[in-house]
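Residues per chain, in single letters:
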Amino acid sequence: MNTIQGIQMIGTQRSGSNLLRVMLDGIREIAAPHPPHILQRFLPLLSKYGDLTDQSNFYRLAQDVCELVTVNPVPWEGITIRADEMVAACRQQTLYELFRVIYESAARQTGASFWLCKSMKNMLYAEGIESTGISPYYIYLYRDGRDVALSFKKAIVGEKHIYALAENWKKDQEAALRLKDRTAADHFFMLNYETLIASPEKVMRQLCDFLHLPYSDRVMDYYKSRESENTAVAGKMWANVTKPILKDNTKKFLRELSSEDIAIFESVAGDLLQQLGYSLCTPLDLLKGSFSDEEIVFFSEENIRLKNVFIQQADPADLAKRRPQDELINRIKQY
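Rules behind the numbers
- Residues numbered from 1 in each chain as written.
- Predicted model: local features only at pLDDT ≥ 70, side-chain atom pairs only at ≥ 80, totals over all residues.
- Heavy atoms only, no water.
- Helix = DSSP H or I, 4+ residues; strand = E, 2+ residues; numbered from the N terminus.
- Buried < 20%, exposed > 50% of the residue type's maximum accessible area, 1.4 Å probe, protein only.
- Salt bridge = Lys/Arg side-chain N within 4 Å of Asp/Glu carboxyl O.
- Pairing = 2+ DSSP bridges.
- Contact = heavy atoms within 4.5 Å.

Novice: Honestly, the environment of Gln206 in this entry has me stumped. Any pointers?
Specialist: Within the fold, Gln206 resides in helix α10 (residues 200-211). On the basis of relative accessible area, Gln206 is assigned to the partly exposed category, the value being 38%. Sequence spacing of Gln206 and Leu98 is 108 residues, and the spatial spacing of their C-alpha atoms is 31 Å.

Novice: Which parts of the structure should I look at to understand the pattern of salt bridges?
Specialist: Side chains that differ in charge, positive against negative, can pair when their charged atoms come close. One pass over the full model with this rule turns up 22 salt bridges. A salt bridge links Lys170 to Asp271; the nearest nitrogen and oxygen atoms lie 3.7 Å apart. With Lys170 in helix α8 (residues 162-182) and Asp271 in helix α13 (residues 259-275), the pair connects residues that are 101 residues apart, well separated along the chain. Under the relative-accessibility criterion, Asp271 is labelled partly exposed at 43%. A salt bridge links Glu229 to Arg226; the nearest nitrogen and oxygen atoms lie 3.6 Å apart. Highlighted residues: Glu229 and Arg226, both in helix α11 (residues 226-234), separated by three residues, approximately one helical turn. Residue class for Glu229 comes out partly exposed when judged on its relative accessible area of 41%. One salt-bridge network, held together by shared partners, links Glu97, Arg100, Glu104 and Arg108.

Novice: Honestly, the sheet that holds strand β4 (residues 137-142) in this entry has me stumped. Any pointers?
Specialist: What links the strands of a sheet is backbone hydrogen bonding, and the strands pair in either a parallel or an antiparallel sense. One open sheet accounts for five strands, arranged β2-β3-β1-β4-β5; its pairing is parallel. Here the strands that pair on one side only, and so sit at the sheet edges, are β2 (30-31) and β5 (188-192).

Novice: What should I look at first to understand α11 in this one?
Specialist: What sets the pattern is the α-helix's 3.6 residues per turn: residues three or four places apart point alike. Here α11 has its buried residues at Glu227, Ser228, Asn230, Thr231, Ala232 and Ala234. Residues of α11 that are buried in the fold lie against α1 (17-25) and α15 (316-333).

Novice: Explain the pairing of β4 to me, please; I cannot follow it from the model alone.
Specialist: It is a general feature of regular strands that their side chains alternate between the two faces of the sheet. The element β4 is extensively covered by neighbouring structure, given that six of its six residues are classed as buried. Side chains of β4 alternate between two faces, with Tyr137, Ile139 and Leu141 and Tyr138, Tyr140 and Tyr142 buried alike. In this structure, strand β1 (residues 5-11) lies alongside β4, joined through five bridges in parallel fashion. If you follow Ile7 over to β4, its bridge partner there is Tyr137. Where β4 lies against β5, five bridges are found, and the strand directions are parallel. Note on β5: the bridge partner recorded for Tyr142 is Asn192.

If you want it as structure tokens, here you go:
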């Protein structure tokens, strides 16, 4: 049986990760299904399953994980994930092993030699992933955090207040850079969104060289693919994957975020912005070294309010596509 290799995309969502995913999915050797976020969703729930060395407990976990994949808003077309087959292929009875087996199965069923997972928070679980014997190629995709924050403000997922968005973005970049420091250079590729959309073919050729894979012109026709069509249909926030590269999709925060929001973001995460090559907009004397406890409480309460308002105004069709996964997770919480 041919060895299947892994590619793990890391960073923060709303950074062009679905664009890069569907581009890489155009390479015949890569299977890059839309992620159901297996580890992010199930690691906090493991206590519900008891001792996983007990075969029945592990099988129950496998059934629920496979159901999460099956009801993913973007279907894994042409891929069948069955609990009995996944359990039979496991060498260990752990969630990380299920993750490995599921992604390797997806690659084998599509004739690929690589799988790609776009669960970007998996950088937090890298040691667990590697404990299964995987030595993945990491692709760290990053974007100007202020544009990431603006994108989250419009998305059905994520935080909504600028302070929470800045905190999360900063923590994510710090985690990605820590992983870079402990990963061999030939297994870690840093890429910023702005360069990707400015010179897409050049960047994708570099990425294919990094993965030791032949470049295919199909990566530039990503927006015509079935995977892009399925992704766009599954949620408005992914609609752009059915369009050619939006080369001017940068610095939108300058027009759409208030100067106050920009100042808060840069006060929280300005050091990481600069470390990654982005310039600050706020005069230094207007940046704050810290926020008071009262300010942070207010920001948190406002974040909750904004999230509730957003959900009330969200497209019912978008919410309906996410409901099966949400219902599954809520049912597990009642175990």
